[in-house]
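Observations on chain architecture
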Amino acid sequence: MDENQTVDHDRIIKINIEEEMKSSYIDYSMSVIVARALPDVRDGFKPVHRRILYGMLGIGNTSDKPYKKCARVVGEVLGKYHPHGDSSVYGALVRLAQDWNMRYTLVDGQGNFGSVDGDSAAAMRYTECRLAKMGEHIMDDLDKDTVDMANNFDDTLVEPTVMPTKIPNLLVNGGNGIAVGMATNMPTHNLREVIDGCCAYIDNPDIELEELMQYIQAPDFPTGGYIYGLQGVKDAYETGRGRIILRAKAEIESDESHDKIVVTEIPYGVNKQQLIEYIANLVKEGKLDGIANANDESGRQGMRIVIDVKRDANANVILNKLFKMTALQSSFSVNNIALVNGRPRLLSLKECVKYFVEHRHDVTIRRTKFELKKAQDRAHILKGLIIACDNIDEVVHIIRGSKTPAEAQTNLEKRFDLDELQSKAIVDMRLSQLTGLRLEQLHAEFDELEKLIAYLENILSDPELCKKVMKDELNEVKEKYGDDRRTKIIPDEHEFNAEDFYPNDPVVITVSHLGYIKRTPLSDFREQARGGVGSKGATHRNADFTEFIYPATMHQTMLFFTKKGRCYWLKCYNIPEGTKDSKGRAIQNLLNIESDDAINAILRLRGLDDEEFINSHYVVFATKNGTVKKTCLEAYSRPRTNGVIAINIAEGDEVVDVRLTNGENELIMANRNGRAVRFDERTIRVMGRTATGVRGMRLDDGDDAVIGMIVVDDPINETVMVVSENGYGKRSSVEDYRKTNRGGKGVKTLSITDKTGRLVAIKNVTDDNDLMIINKSGITIRLSVAECRVMGRATQGVRLINLSKKNDIIASVCRTMSSELEASFEEDNRSEWDKTQDEENELRPSEPAEDQEDHAPLVDFDDIEDENDSDS
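As recorded by an unreviewed UniProt entry, the chain carries the name DNA gyrase subunit A and is attributed to Hoylesella timonensis CRIS 5C-B1. Quoted straight from UniProt, the Subcellular location (unreviewed entry) entry for the chain says "Cytoplasm". Its UniProt record gives the chain a comment under Catalytic activity (unreviewed entry), which states: "ATP-dependent breakage, passage and rejoining of double-stranded DNA."

Set out below in structure tokens:
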């Protein structure tokens, strides 16, 4: 080393790099938190926003002046106040002008400022801007010493540390930012509501959150839509953190060819173009069926996204799937972090209001003091001028006798006991002020100033008057800029359930003898003429056959009753779908049924959450040995996975039929030997769920047994259809069966011979019904009841189905709606159909409530209403 080169060891300081990294990073993070990323609780601004507005005010870029290039504003802000990148300043400026991001825009932009589709704004050399009127109100009274001013980055200028805003900007326009180790995400609110809440807090600082939420109900987003459920809102308002569910505003429009889902408002923060592309990708990947096309038809009239639904798809189901799978329903995670006295804090709603009100109070007091001093200074000058005018001759003499203005001021001060300010004002006074009119104006101005001074002093001394001033100013802003809420509130949060994803279409539920169950669309079965050989139904194992068949709708609840007297629950949409000739799925895989038990009866219900319905209807059991039992439906309204005891079954007995009644129905029970007994259900007392029951029908000796039970609802229009095991059947009038007491042997309902075989089914039918008959070999036939004439109850009837196989017998009989009516219903518009069904229900108040479905199925509910039934 050259001897002239020396090392100054004293200038080298050894430090611990770990400690240096820690302290440096803390300094950096605090700088980001305080001076860049988080808004101030008082005015809701980050420094860049505050500097943009102040810079625009400084160059006269106000709402009553022509627009200026955004580049001009950005340059002003960069050069004077914000020594960062121009893109950060321009990005913040653009956001202040975007009406889909800001609930109330503070900058009036001209040109391309981006779009809700995610398009970026044009370069700042092309766009123009100026302050919006509300942006100007943010800076009202800035020149009245209302806020502290601080030096800019090079100490050549000053800038406000906070805005003296009359607008609760933090709540009204929200904000978001990512700092170091923390972030903020605050929703926007309605100006009217927030100001009403602030006024309520001014009146009562101890106001509770529930009371405050009567004014500030929930966030109000610029893009509209719906808020689903208030729990997330309450959490956010109470703790500062919460999750708010947002949903798009979507309606279903129908035309002759197909339905359309039209979206006119989307959740806040959702990119419209990306939303449409995502829907298209879901359809393309096969994850979302039933959509033909999705177009963006937005224009000057507003947003309009049109989703074309395929002809055979259900628009309501598609819409619910869109809510579930896309951003048409999204969440806004609230994280109310803002700077309080320069430190980040997680704030509740009340705290946000509190700090704004305290800021307004501070601004009001400082402004009042400023105006009071100004008024007092002016009044002080006016006192001197009035003294001079009252003694004008002497004043003129003193001034003329003085060699210099300074000497004149000194002489006046001595003569009239004035101070320097007053004497200077007299010396500088123009001759025009000596006219009579000017003298009167001086006195009038002085009197007004005296009143103003008294008023300002009252504001400072009277807290109630100060509160009134604050409220008046806030209400003035509310009247000028307040508007109606855009985001509607649905208080009860709607969680998706399975019914949202299945149309309430008609189905046929089939259960085989060995316990295989499935559901099949009702339209898969076609009508055949009486006496036909039928079509192939379900394919079963050799020893199996279809034993039960029921028309139902997808949203109905199925109550399964076993021969041992237990009850299980299952929704129709949870039953596996199968074709007409498929086997189905073992019911043991769906229900926890004991291995030695089997389903013997089924009820179909619209739901178990209608208290009035379940308390006014009853479940009536019929057993093989002739026992009947009646229990209120409410006892079976609480589903359990393992089922419940439905009826206490005696040894050797089993359940054969279960019916739903309204408490005033008539019942007809039939046995194998062709006899039936008709009695009033009121003769059966209501019993508990685990009761055994009472005698309903006395059986013959031998292997006689009850084969079914029907509920008579309309004796005039309904007829009794009975079917024998060899395919014979007939219709008889209900009145042919005389009413007797329960427990009797009954009267003959079908003449039993070797040709007819023993009785297997009894149904109550009308001409509008079809019968679906299934034999043990699996053959299904559907025939019109109208083709069977009404005849005497003691005859053997006519052949309904030809049994092509030897030793084949009828296994199950079900009543359903005629296929002609079904076809006409399928051609109708679904909404018109629902409307018609509702009108019919209103005209038939005497019918059981089971009829009155919210969504009318393609099944004749006049036929299945009280049956709700099990067919054995």
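Additional details are given in the paragraphs that follow.
The geometry of helix H12 (residues 349-390) relative to helix H17 (residues 463-481) is characterised by a closest axis approach of 10 Å and an angle of 110° between their N-to-C directions. Comparing their axes, H17 and H12 come out roughly perpendicular. Touching Phe356, Val357, Arg360, His361, Thr364, Ile365 and Arg367 of H12 are Cys466, Val469, Met470, Glu473 and Leu474, all from H17. Of the residues that constitute the contact of H12 with H17, the class distribution is seven nonpolar, two polar and three charged.

What follows concerns the nonpolar core. Counting residues in hydrophobic clusters, the biggest one holds 104 residues, and the most contacted among them are Ile52, Leu53, Leu93, Leu191 and Val353. With 17 residues, H12 is the largest single contributor of residues to this core. Aside from chain neighbours lying at most four places away, what touches Leu53 is Phe45, Leu96, Leu106, Val107, Leu131, Ile138, Met139 and Met163.

This paragraph deals with the pattern of salt bridges. When the charged atoms of two side chains lie near each other, side chains of opposite charge can form a pair. Summed over the entire model, instances satisfying the criterion amount to 48 salt bridges. When the shortest N-O distance is used, the salt bridge between Arg130 and Asp108 registers 3.2 Å. On the criterion of sequence distance, the pair formed by Arg130 in strand E3 (residues 128-131) and Asp108 in strand E2 (residues 107-110) is long-range, its members being 22 residues apart. For Arg130, a relative accessible area of 19% puts it in the buried group. Residue Lys630 pairs with Glu681 through a salt bridge whose shortest N-O separation is 3.5 Å. A residue pair is termed long-range when its members are at least 10 positions apart, and Lys630 in strand E27 (residues 627-632) and Glu681 in the loop between strand E31 (675-680) and strand E32 (694-695) qualify at 51 residues. Assessed through its relative accessible area of 4%, Lys630 is described here as buried. Judged by relative accessible area, which is 0%, Glu681 ranks as buried. Here the salt bridges do not stand alone but share partners, grouping Asp141, Lys144, Arg360, Arg367, Glu371 and Glu473 into one network.

Any pair of aromatic rings gets described here by the distance separating the centres and the angle formed by the planes. Taken as a whole and judged by the stated rule, the model has seven aromatic pairs. Aromatic pair Tyr268 and Phe332: ring centres 6.0 Å apart, planes at 45°, arrangement tilted. With Tyr268 in the loop between strand E11 (259-265) and helix H10 (272-284) and Phe332 in strand E14 (residues 329-335), the pair connects residues that are 64 residues apart, well separated along the chain. Classification of Tyr268 by relative accessible area gives buried; the value is 13%. Taking relative accessible area as the criterion, Phe332 reaches 8% and is therefore assigned buried. With 6.1 Å between their ring centres and 75° between their planes, Phe561 and Tyr636 make a pair best called edge-to-face. Placement of Phe561 in strand E22 (residues 557-562) and of Tyr636 in the loop between E27 and strand E28 (644-645) is noted, with a sequence separation of 75 residues between them. When its relative accessible area of 1% is taken as the criterion, Phe561 is described as buried. We classify Tyr636 as buried; its relative accessible area is 0%. Among the aromatic residues, those joined into a cluster by ring pairs are Phe221, Tyr268 and Phe332. Above the face of the Tyr67 ring, Arg130 is positioned so that its terminal group lies 4.1 Å from the ring centre. Just above the ring of Phe323 sits the side chain of Arg247; from NZ or CZ to the centre is 4.0 Å.

Rules and cut-offs
Residues numbered from 1 in each chain as written. Predicted model: local features only at pLDDT ≥ 70, side-chain atom pairs only at ≥ 80, totals over all residues. Heavy atoms only, no water. UniProt positions renumbered as here; feature names shortened; annotations may be inferred. Axes fitted to C-alpha atoms, helices over the stretch in contact; angles between N-to-C directions. Helix = DSSP H or I, 4+ residues; strand = E, 2+ residues; numbered from the N terminus. Parallel < 35°, antiparallel > 145°, perpendicular 65-115°, else oblique. Contact = heavy atoms within 4.5 Å. Nonpolar A, V, L, I, M, F, W, Y, C, P; charged D, E, K, R; others polar. Core = buried A, V, L, I, M, F, W, Y, C linked by side-chain atoms within 4.5 Å. Buried < 20%, exposed > 50% of the residue type's maximum accessible area, 1.4 Å probe, protein only. Salt bridge = Lys/Arg side-chain N within 4 Å of Asp/Glu carboxyl O. Phe/Tyr/Trp six-rings, centres within 6.5 Å; stacked < 30°, edge-to-face > 60°. Lys NZ or Arg CZ within 6 Å of the ring centre and 35° of its normal.

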